[in-house]
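Report on the structure
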Amino acid sequence: MSEVSMHDLAFAVNGEQRSLQVEPRELLIDVLRNQLGLTGTKRSCDVQVCGACTVLVDGQPTSACSTLAVEADGCAVQTIEGLAKDGRMDRIQQAFLDHGALQCGFCTPGFVMAVHALLTQHEKPDDATIRHYLHGNICRCTGYVKIIEAVKSLV
């Protein structure tokens, strides 16, 4: 059996520079969860359909379940853990809580990260833009109404 070559990976995760070695086939979700202990990013579909694994790579929503970790080399990666500051929830997290935009919570980190990207790129998004940014995220509990209400409360 041949030895797997390791690759050096250097990237910023939630504002902190990180360097580690990864196998070329390792997915970003596995590096975040297993090597860095950032378990807020959820694994669900593994085929870039549900949005539960959404993180931001250089500010863009990215499916961590289908992105090789080496693709994030030199990039800035933000996970749900990077939103809260000084023990206080981010305003998006608070809006989801205030509007009851979560039930089981499994999909919530992906939705919150998608909304964070949306509000970074669009100061006052209209309904169509909100729905466009959330189209890749699936929730089996809420029916989306409360999620849309939470987002609209932020603009």
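Above this text you will find the structure in question.
These remarks concern the structure in this document.

**Considerations on the layout of surface pockets**
- Computed from the structure, the largest pocket encloses a volume of approximately 320 Å³.
- Put simply, the parts of the chain that give the lining of the largest pocket at least two residues each are strand 4 (60-63), helix 3 (108-121) and helix 4 (127-134).
- Considering each element in turn, the lining of the largest pocket owes the most residues, four residues, to strand 4.
- Taken together, Ser44, Cys45, Val49, Cys50, Ala52, Cys104, Phe106, Cys107, Ile138, Cys139, Arg140 and Cys141 make up the full set of residues lining the second largest pocket.

**Regarding the pattern of salt bridges**
- With the rule as written, the count across this model stands at six salt bridges.
- Residue Arg18 pairs with Glu16 through a salt bridge whose shortest N-O separation is 3.9 Å.
- Among the salt bridges present, the one from Arg43 reaches Asp46, with a minimum N-O distance of 2.8 Å.
- Classification of Asp46 by relative accessible area gives partly exposed; the value is 36%.
- A cluster of three or more residues bridged by salt bridges with shared partners is formed by Asp30, Arg43 and Asp46.

Analysis parameters
- Residues numbered from 1 in each chain as written.
- Predicted model: local features only at pLDDT ≥ 70, side-chain atom pairs only at ≥ 80, totals over all residues.
- Heavy atoms only, no water.
- 1 Å grid on protein atoms, 1.4 Å probe; cavity = no way out; pocket = protein on both sides within 12 Å on 5 of 7 lines; lining within 4 Å.
- Points joined across faces, edges and corners; volume = space filled by probe spheres on them.
- Helix = DSSP H or I, 4+ residues; strand = E, 2+ residues; numbered from the N terminus.
- Salt bridge = Lys/Arg side-chain N within 4 Å of Asp/Glu carboxyl O.
- Buried < 20%, exposed > 50% of the residue type's maximum accessible area, 1.4 Å probe, protein only.

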